[in-house]
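# Coordinates in review
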Amino acid sequence: MMKNKVQKTKFTLNNTDIPVLEEGDSYQHLGVPTGARVDQTPRDLLKSLTREATLICNSLLAPWQKLHAIRTFTLSQIDFALRTAKVEKTAFKELDNLIKKEAKKTPNLPQRASAEPVFLPPCQGEAGLIPLSDLSDLCTVSHAFRLLTCPDPVVQETALSGVRVTTKRKIKSEPTLQQICQYLSGNKEDPFNREDGSFSTLWTSARTAMTRTRKNIPDMKWAYLNLKNTFEIQSSALISDELSGIRKIPCKEIRIGKTIPFQQLSDQRPPQEVQSLKPDIVVINEATRTIDIIDITVPFENSVDALEVARQKNTWTVRIDAFVVGALGSWLNSNNQTMKILGLTTAYANTLARLACSTAIHWSRDIYVEHISGRQQYQED
């Protein structure tokens, strides 16, 4: 390159001319198109991975085996491209949707269900498949971190020299190690808000990727440890050792910390005399789904209509209904009529519906995670 133009320089190897790449030409380096001013999005690789993922999804493997195969054999192929190439995020859409659809089938989730079970890690009973767009940002940050903490002193010094130059062009002065950390963390305060020209390097990509990542992990930042003489990425959600193994990063779990206020209904206690009454005869017919409740009474015969009065006192109008909420939070419309029978206001009925669905999902998730991991997810009072 000279003056931002590709020079037609000829090179020979064993008396054989090496082809010269024109501007826009590329060659494949571990699946990544490489050259001067080329689109590095590995579209051919993504198409191949989509075909492979489709074959895995249509195979006779068990659902959990399909997810394991996608994690092990499919996503691992794109790891290098995500770390080193500038990839268009829209190119991931087809593969992302396919993986998300298959991951929801494993726990028999409907496709309209939230995608959190796809993203949360296996240690929490979920699929652990991070969206490729987010994974791309994490891989970019991870690649920069690995270069700056590489055990090879030559690689580490070369990386540090490169990030110094990039930071210097941004702040217009020789940067300190702390300023380098602020630059990589996406700091946009003065002097990091200055124009630095239209140039792109690994370090500008790492800064941009960190800025996007901090939308989900706000306290994530670069730091330099003087005692250890090394860089570190700090966050309450992860540590740098986990960043080097990018798929170990835990996702934040969001849970509604509320319980259904059924106690407000149970506070309406029946009269004491009713509590002591129990039916004498109960006949259950499962074929017709009917229940006959008979109460036996022996009244005093102190009047002509004593027996009829006794019958009326022991005859009640009973309404039996069901309040049904699915284990995955599905809501039965007839529940609305049930809440009207209970005399609930419209506002409280809407609130109760949301809380009932969220609590059903809460406990279903706890039961599933305990089944998979063997760890009880709740504390017994």
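Structure shown above.
The structure contained in this document is the topic of the report that follows. (Residues numbered from 1 in each chain as written. Predicted model: local features only at pLDDT ≥ 70, side-chain atom pairs only at ≥ 80, totals over all residues. Heavy atoms only, no water.)

For the chain, the helix and strand inventory stands at 15 helices and eight strands. Within the chain, the fraction of its 381 residues that count as buried is 31%. Pairs at least 24 apart in sequence give 51% of the contacts found in the chain among residues at least 6 apart. Roughly 25,300 Å² of accessible area belongs to the chain as shown, and the carbon and sulfur atoms make up 54% of that amount. (Helix = DSSP H or I, 4+ residues; strand = E, 2+ residues; numbered from the N terminus. Buried < 20%, exposed > 50% of the residue type's maximum accessible area, 1.4 Å probe, protein only. Contact = heavy atoms within 4.5 Å. Areas by Shrake-Rupley, 256 points an atom, 1.4 Å probe, with all protein chains shown as cover.)

Regular strands have side chains that alternate between both faces of the sheet. Pairing of strand β5 (residues 221–225) with strand β6 (residues 230–234), which is carried by five bridges, proceeds in the antiparallel orientation. Within β6, the residue paired with Trp222 across the bridge is Ile233. Connecting β5 to the antiparallel partner β6 that follows it, the hairpin turn spans four residues, and Asn229 within it adopts a positive phi of roughly 55 degrees. (Pairing = 2+ DSSP bridges.)

A complete count under the given rule lists three salt bridges for this structure. Between Glu174 and Lys168 there is a salt bridge, with its nearest N and O atoms 3.5 Å apart. Arg365 is the salt-bridge partner of Asp366, the closest N and O atoms lying 3.5 Å from each other. Take Asp366 and Arg365: they sit in the same class, and that class is buried. (Salt bridge = Lys/Arg side-chain N within 4 Å of Asp/Glu carboxyl O.)

A few words on the nonpolar core. One finds Ile78, Phe92, Leu95 and Leu129 to be the most contacted residues of the largest nonpolar core, which totals 28 residues. Taken together, the elements giving at least two residues each to this core come down to α1 (43–57), α2 (63–74), α3 (79–84), α4 (93–105) and α6 (132–148). Ranked by residues supplied to this core, first place goes to α1 with six residues. Beyond its immediate chain neighbours, meaning those up to four positions away, Leu129 contacts Leu67, Arg71, Leu75, Ile99, Ala103, Val118 and Phe119. (Core = buried A, V, L, I, M, F, W, Y, C linked by side-chain atoms within 4.5 Å.)

The subject of this paragraph is the packing of helix α8 (residues 177–184) against helix α9 (residues 202–213). Packing of α8 against α9 brings their axes to within 8 Å, and their N-to-C directions diverge by 60 degrees. What the angle tells us is that α8 and α9 run oblique. Contacts between α8 and α9 involve Gln182, Tyr183 and Leu184 from the first element and Trp203, Thr204, Ala206, Arg207 and Met210 from the second. (Axes fitted to C-alpha atoms, helices over the stretch in contact; angles between N-to-C directions. Parallel < 35°, antiparallel > 145°, perpendicular 65-115°, else oblique.)

In this section: the side chain of Ser136. Note that Ser136 resides in helix α6. In this structure Ser136 comes out as buried when scored by relative accessible area, which is 5%. In this view, Ser136 contacts Leu82, Lys89 and Phe92; residues no more than four positions away in its chain are not counted.

The end-to-end C-alpha distance of α6, which contains 17 residues, comes to 24 Å, matching closely the 24 Å that a straight helix rising 1.5 Å per residue would cover. For α6, the tally of buried residues reaches 13 of 17 residues, placing the bulk of the element in the interior. (Expected span 1.5 Å × (residues − 1).)

For the rest of this paragraph, the subject is a nonpolar patch on the surface. Taken together, the side chains of Ile281, Val283, Ile294, Ile296 and Val298 define a hydrophobic patch exposed on the protein surface, amounting to about 460 Å² of accessible area. Turning to its location among the elements, Ile296 is positioned in the loop between β8 (290–294) and α13 (306–313). (Patch = residues over 30% accessible without salt bridge, like charges linked within 9 Å, V, L, I, M, F, W, Y side chains within 5 Å.)

Scanning the model with the defined rule gives four aromatic pairs in all. A ring pair is formed by Trp222 and Phe231, whose centres lie 6.3 Å apart and whose planes are at 75 degrees; its orientation type is edge-to-face. Looking at Trp222, the relative accessible area reads 4%, which means it is buried. Considering the side-chain rings of Tyr224 and Phe231, the 5.0 Å spacing of their centres and the 75 degrees angle between planes classify their relative orientation as edge-to-face. Phe231 shares its class with Tyr224; the two are buried. (Phe/Tyr/Trp six-rings, centres within 6.5 Å; stacked < 30°, edge-to-face > 60°.)

This part takes up the environment of Lys105. Its location among the elements puts Lys105 in helix α4. Under the relative-accessibility criterion, Lys105 is labelled partly exposed at 42%. Note: C-alpha distance between Lys105 and Trp64 (41 residues apart in sequence) is 9.7 Å.

Let us now look at the side chain of Thr50. Here Thr50 is to be found in helix α1. According to the relative accessible area criterion, Thr50 is buried, its value standing at 11%. Once residues lying within four places of it in the same chain are set aside, the contact partners of Thr50 are Glu94, Leu95 and Leu98.

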